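# Tertiary structure, described
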Amino acid sequence: MISKRLLSLAKYVEGENIADIGTDHGFVPVFLRENTKIKKIIATDISKASLEKSIELAKIKNIKDIDFRVGDGIKILEKNEVDTIIIAGMGGILISKILEESSEIAKNVRLILQPMQASEELRTYLCERGFEIIDEEVIFEDKRYFEIIVAKYDGKIRKLKKYENFLPLKALEKKKEEAINFVKFKIEKNLKIMENLKGNTKKPLIRYMELKGENNYFKEVINDKSKRNN
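Residues numbered from 1 in each chain as written. Predicted model: local features only at pLDDT ≥ 70, side-chain atom pairs only at ≥ 80, totals over all residues. Heavy atoms only, no water.

### Description of the overall build of the protein chain
For the record, the criterion: Here a helix means four or more residues in a row that DSSP labels H or I, a strand means two or more in a row labelled E, and each is numbered from the N terminus. Atoms counted for the radius of gyration: C-alpha only. Globule rule: 2.2 Å times residue count to the power 0.38. Residue burial is assigned from relative accessible area. The probe radius is 1.4 Å, only protein chains are included, and a residue is buried under 20% of its type maximum, exposed over 50%, and partly exposed in between. Any pair of residues with heavy atoms lying within 4.5 Å of one another is described as a contacting pair. Using a 1.4 Å probe, the Shrake-Rupley method yields the accessible areas, and only the shown protein chains count as cover for residues. Counted charges follow a simple rule, with Lys and Arg positive, Asp and Glu negative, and His plus the chain ends left uncounted. Note on charges: their place is set at NZ of Lys, CZ of Arg, CG of Asp or CD of Glu.
Looking only at helices and strands, the protein chain features nine helices and seven strands. Taken over the C-alpha trace, the protein chain has a radius of gyration of 19 Å; the compact-globule value for 230 residues is 17 Å, and the two agree within 12%. The principal-axis extent of the C-alpha atoms belonging to the protein chain is close to 60 × 40 × 35 Å. Counting every position in the protein chain, which comprises 230 residues, the buried fraction comes to 49%. In the protein chain, once contacts between residues fewer than 6 apart in sequence are set aside, the share between residues at least 24 apart is 70%. Of the roughly 12,500 Å² of accessible surface on the protein chain, a fraction of 50% belongs to carbon and sulfur atoms. When the 45 basic and 38 acidic side-chain charges of the protein chain are each reduced to a single mean position, those positions are 4 Å apart.

### As for the nonpolar core
Just so we agree on the cut-off: For our purposes a nonpolar core is just a set of buried Ala, Val, Leu, Ile, Met, Phe, Trp, Tyr and Cys residues, chained together by side-chain atoms within 4.5 Å.
Counting residues in hydrophobic clusters, the biggest one holds 25 residues, and the most contacted among them are Ile74, Leu77, Ile85, Ile87, Leu99, Leu113 and Leu126. Those elements that provide at least two residues to this core are strand S1 (17-21), strand S4 (84-90), helix H4 (92-101), helix H5 (103-106), strand S5 (110-115), helix H6 (119-128), strand S6 (131-141) and strand S7 (144-153). For this core, the element with the highest residue contribution is H6, accounting for four residues. Apart from the residues lying within four places of it in its own chain, the contact partners of Leu113 are Ile87, Ile95, Leu99, Leu122, Leu126, Glu147, Ile148 and Ile149.

### Some words on the pairing of S4
To keep it simple, the criterion reads: At least two bridges found by DSSP between two strands is the condition for calling them paired.
Along S4, six of the seven residues are buried, which leaves the element largely enclosed by surrounding structure. Pairing of S1 with S4 involves four bridges; the strand directions are parallel. Within the sheet, the bridge partner assigned to Ile18 lies in S4 and is Thr84. Note that S4 and S5 share six bridges and pair parallel. Pairing of Ile86 across the sheet is with Ile112, part of S5.

Here you go:
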């Protein structure tokens, strides 16, 4: 059974040709092959050993038409070879690096991204490099939150306001409960850090004020969404 997180990634796929970068166990490509009419599915991993797990799963499922490739990021793809690229389970900074290293490919596809951390750095990268964030989702699974970012290049450079990159604003616009709870979780996490910083020297005081600013913004966003919901 595919996880809630991976199922959410799969539902954002569009087009007839897709690539799953860093596929690891290959759950998403196998699911897509079993449940959709996508013509071409490419599953890649930088590690041959990791890719073998995907190949083995495909054999168990008697699936023979997934294109498995060992390679670094999306360098292994040709320009216009796929319509959608999935990059999930990596850090936001690494995902940004992968996109930057193959920007001409990235600019011509739909991107489905799921950073494990540093989602704020990834959002900043996308907006400053001309990618529009067209959709977002927050998934709560295995006692943690996962953010999904869907983006497409349109060439427009976007300057985010302070703290905007910290939140999945597109998911919050849809008033999804998991997105709201995610913001509340971030507020509580900051409060715990702030409590530990109290009474310390000047440098922690600066950090304390930064976290306070974040929380003020987070609360404003939640209150705004609540007002619109009434």
